[in-house]
Amino acid sequence: MRPIVTGALCAAVLAASALLPAACASSSGTAPPAAAPAAAPPPAPATTSPTASAQPPRAETATTPAAQRPAPSPTGVAAPAPGAEAAADPFAAAAGRGRGRGNPPPPPPPLPAVMPRPPKPIVSAAPPTPDPRVGLKAGWWDAGAAAWNMNLVSTTPPTGRSLGATHSDLAFTGKYTIQGHYNGFDMYDISNAEEPVLVQQYVCPASQNDVSVYGNLLFMSSEAPNSRADCGFGGVPDPVSKERVRGIRIFDISDIKKPKLVTSVQTCRGSHTHTVARQAGDKDNVYIYISGTSSVRSAEELPGCQDGGRDDPNSARFRLEVIKVPLATPQNAAVVSSPRVFQDLPVAPRNAERDALAQREREQQAAQRGQAGAGAGGAAGAAGGGRGRGNQGPPTGPNQCHDITLYSDVGLAGGACAGLGLLLDVRDVTNPKRIEFAADQNMSFWHSATFSNDGRKVLFSDEWGGGSAPRCRDTDKPEWGANAIFTIEDNKLKFRSYYKLPAPQTAQENCVAHNGSLIPVPGRDVMVQGWYQGGLTVFDWTDPDHPKEIAFYDRGPVAAERLVSGGSWSAYWYNGLIVSSEIARGLDIYELVPSPLLSANELAAAKTVKMTYYNTQDQQKFVWPPSFVLARAYLDQLERSAGLAATTIASARTALSNAERRSGAQRRTALTQLAAQLTSEAASAKEQDKVRTLAAAVTDLATATK
């Protein structure tokens, strides 16, 4: 999972860091307005504790962008942080996750003078056999690699303060990618995908430092107890301190090269992740859902915080915190509601077989470390239920989510809440209501959610093992640590199937389902997803019962002899590219190549969808502008599925080409005639709905013709 860091552990992590050096027409999501003047609502009191005024700027000027250039020899590495399940996971120490246990990972080796060239991708309809991902050579910078139907465009190694830090989530605005890491965040200009340019590095150690954007504002999660108000290294030694920041930091990035910390909104359990939420009709504010999974702070440090069970109305558990950010006066951001969407949820189901496996692994690891009893605690919490980090009393259902994906266009949110998956009605963003939940014995840790573009399906990922464990071995069941796909029927979740990376990985590779996004291929639900050291997989889940891989890219393990954390934390499509945050190796940019499984027309149509910004947890609906490639993409799909007579497809292609050579009224007439013909053919076609969609696309193109 996105590693969750416990208090004592974070101290170790960040102390270690101190010693070392995610237009043609587009998404229908409303483009974020700039932080323009607007009536500022009165700030809510409660838990806001702006500290920006006391914080000196920490922006450091970028000096060595370094796409595929040598980097300074590292002097050490910040130990990656562990996942929530890492506490019960035997591989946490083996992965060197900085918990103060086991040996820290070795420092990354110096970059080679010239980075190895990535492999030329295999292009085919059938998956290559044998799978080239099996048996790849280990190496930090020179690992073996395998590619199918996609290509690595560039790798930009970390530099400066991000060198050796754990790289976390991504956000996008304009031509920039913002990459969070445990020492702050980096801002890259990716307008040239072959040579991204680091334009700014902002130092602010914390965890996880997940980032998102809206207009001229950047938001960053902070959960670690030793996250300092001044963004400095060194931690916060006092158990109760006003210098500690756990919550959301808000930056003004009007000048991309001079990010300015505006305020920090403190919350009782910090912010492990967060979600940008938009309210229809409200152009003056943006909202933030906070997912904080840490222990509850003392009221002495932050007034109003109180621990307690689910029957305690004042407990900081079992509630979702909502921050309102006035765009004109972001310094007045504050918590405005704390809806209790976790009340009365059942305890998550357990999987005895998986628990037994985890117990055996704990015992093996304990024996290897010579630490008898290190597995104490058994599989407790493996289901990620209401263990709640310090929560006392009998087990309960989840008291917080790990990730919440909000899909404003359909008024729903998917809550991946450790032991359960939730469906929320978010039409009123400050007062979300739980309308459904799902439980599954095969799901260890519900981690994140992605909706299909029509909002009729939702995919939940399972981060079994916390992201620090090898959960893609050939001995691991395909339904464990996978994605679970549901259809949404009358606001009920109906399970359909699992999808898991099909290539077995080694015991030296942390691997499990993690962060990804839809790719705007019209008429299909195609997604790219990072699986840590399992690499990237691109798969089609249009048919929820039969998801299918259509492309991949994978590297060998970071190290051959032990598990050293690395791999893709997040992989997102953004305006024609796939950008991946590589935990150890920096920033990767990929491109899909045309193949029998994804045609050039489908790719070209996907690239017509332009986004002005992107946060994966604020899902935006894809809308394709009228174009000839859009119509041709649907024709390609009908040919692939034999959904329309071959002669009709050939005739339609010819008619499209003829219309494209014309202009004005002649083009409009030709397209209108073609649309009518296709509408007529739909009744006898194998894929009637797809043919009607094609006819509608041609009609739209005719209408758009001037």
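Each value, and the rule that gives it
Residues numbered from 1 in each chain as written. Predicted model: local features only at pLDDT ≥ 70, side-chain atom pairs only at ≥ 80, totals over all residues. Heavy atoms only, no water. Helix = DSSP H or I, 4+ residues; strand = E, 2+ residues; numbered from the N terminus. Buried < 20%, exposed > 50% of the residue type's maximum accessible area, 1.4 Å probe, protein only. Areas by Shrake-Rupley, 256 points an atom, 1.4 Å probe, with all protein chains shown as cover. Pairing = 2+ DSSP bridges. Core = buried A, V, L, I, M, F, W, Y, C linked by side-chain atoms within 4.5 Å. Contact = heavy atoms within 4.5 Å. Expected span 1.5 Å × (residues − 1). Arc of directions from axis to C-beta. Axes fitted to C-alpha atoms, helices over the stretch in contact; angles between N-to-C directions. 1 Å grid on protein atoms, 1.4 Å probe; cavity = no way out; pocket = protein on both sides within 12 Å on 5 of 7 lines; lining within 4 Å. Points joined across faces, edges and corners; volume = space filled by probe spheres on them. Nonpolar A, V, L, I, M, F, W, Y, C, P; charged D, E, K, R; others polar. Parallel < 35°, antiparallel > 145°, perpendicular 65-115°, else oblique. Disulfide = S-S within 2.5 Å.

**With respect to the overall build of the protein**
Secondary structure summary: the protein contains 8 helices and 31 strands in total. Within the protein, buried positions represent 63% of all 706 residues. Accessible surface for the protein amounts to roughly 24,200 Å². Of this, 53% is attributable to carbon and sulfur atoms.

**Some thoughts on the pairing of strand E16 (residues 403-407)**
Regular strands show a simple pattern: their side chains alternate between the two faces of the sheet. Of all 5 residues that make up E16, 5 are buried, and the element is covered over most of its length. Residue alternation in E16 divides its side chains into two sets, Asp 403, Thr 405 and Tyr 407 and Ile 404 and Leu 406, and both sets are buried. Bridge analysis of E16 against strand E17 (residues 412-417) gives 5 bridges, and the strand direction is antiparallel. Across the sheet, residue Leu 406 finds its bridge partner in E17, namely Ala 413. Counting the residues that bridge the hairpin from E16 to E17 gives 4 residues, and of these Gly 411 lies at a positive phi of roughly 70 degrees.

**Focus on the nonpolar core**
Membership of the largest hydrophobic core comes to 82 residues, with the highest contact counts inside it found for Met 150, Ile 519, Val 538, Ile 578 and Leu 592. Setting aside its immediate chain neighbours within four residues, Met 150 contacts Pro 121, Leu 536, Val 538, Ala 551, Phe 552, Tyr 553, Ile 578, Tyr 590, Glu 591, Leu 592 and Val 593. In this structure, Tyr 214, Val 276, Ile 323 and Ala 333 belong to the second largest nonpolar core, which totals 33 residues.

**Topic: helix H8 (residues 688-704)**
The terminal C-alpha atoms of H8, which comprises 17 residues, lie 24 Å apart, in line with the 24 Å expected from a rise of 1.5 Å per residue. Where H8 is concerned, the buried positions are Lys 690, Val 691, Leu 694, Ala 695, Ala 697, Val 698, Leu 701 and Ala 702. For H8, the angular spread of the buried residues around the axis is 155 degrees, confining them to a single face. Turned more than 90 degrees off the buried face of H8, the exposed positions are Asp 689 and Thr 703. In this fold, the buried residues of H8 make contact with helix H5 (628-641) and helix H7 (664-682).

**Examining the sheet that holds E17**
With antiparallel pairing, the 4 strands of this open sheet are ordered in space as E16-E17-E18-E19. Only two strands of the sheet have a single neighbouring strand rather than two, namely E16 and strand E19 (433-438). Averaged over neighbouring strand pairs, the angle between their axes works out to 20 degrees when direction is ignored. Examined bridge by bridge, strand E18 (residues 420-425) and E19 share 5 bridges and lie antiparallel to one another. When the bridges of E19 are listed, Asp 425 appears paired with Lys 433.

**Some points on the layout of surface pockets**
When its volume is computed, the largest pocket comes out at roughly 960 Å³. Taken together, 31 residues form the lining of the largest pocket, with Gly 523, Arg 524, Asp 525, Thr 542 and Lys 690 sitting closest to its centre. Contributions of two or more residues to the lining of the largest pocket are made by strand E22 (483-489), strand E27 (548-555), H5 and H8. The element contributing the most residues to the lining of the largest pocket is H5, with 4 residues. Across the lining of the largest pocket, the residue classes tally to 9 nonpolar, 8 polar and 14 charged.

**Comments concerning the sheet that holds strand E12 (residues 273-277)**
Whenever strands of a sheet pair, they do so through backbone hydrogen bonds, lying parallel or antiparallel. Judged by pairing direction, the sheet is antiparallel, and its 4 strands sit side by side in the order E12-E13-E14-E15 without closing on themselves. Both edges of this open sheet fall to E12 and strand E15 (334-337), since each of them pairs with a single strand only. Averaged over neighbouring strand pairs, the angle between their axes works out to 35 degrees when direction is ignored. Bridge count for strand E14 (residues 321-326) against E15 is 3 bridges, and the pairing is antiparallel. Each bridged residue has a counterpart across the sheet, and for Lys 324 the counterpart in E15 is Ala 334.

**A few points about the packing of H5 against helix H6 (residues 646-661)**
Between H5 and H6, whose axes approach to 10 Å, the crossing angle comes to 170 degrees. When the interaxial angle is binned, H5 and H6 end up roughly antiparallel. Between H5 and H6, the contacting residues are Phe 628, Ala 631, Arg 632, Leu 635, Asp 636, Leu 638 and Glu 639 on the first element and Ile 649, Ala 652, Arg 653, Leu 656, Ser 657, Ala 659 and Glu 660 on the second. In the contact of H5 with H6, the residues fall into 8 nonpolar, 1 polar and 5 charged.

**Quick look at the environment of Thr 699**
Following the sequence through the fold, Thr 699 ends up in helix H8. Counting along the chain gives 28 residues from Thr 699 to Leu 671, while the straight-line C-alpha distance between them is 6.8 Å.

**Topic: the state of the cysteines**
Covalent bonding between the sulfur atoms of two cysteines defines a disulfide. In total, this model carries 4 disulfides according to the counting rule given. There is a disulfide in this structure between Cys 204 and Cys 231, and the S-S distance comes to 2.1 Å. Its torsion about the S-S bond being -65 degrees, the disulfide of Cys 204 and Cys 231 is classed as left-handed. Separated by 27 residues along the polypeptide, Cys 204 in the loop between strand E7 (197-203) and strand E8 (208-214) and Cys 231 in the loop between strand E9 (217-222) and strand E10 (247-252) bring together distant segments of the chain. Judged by relative accessible area, which is 0%, Cys 204 ranks as buried.

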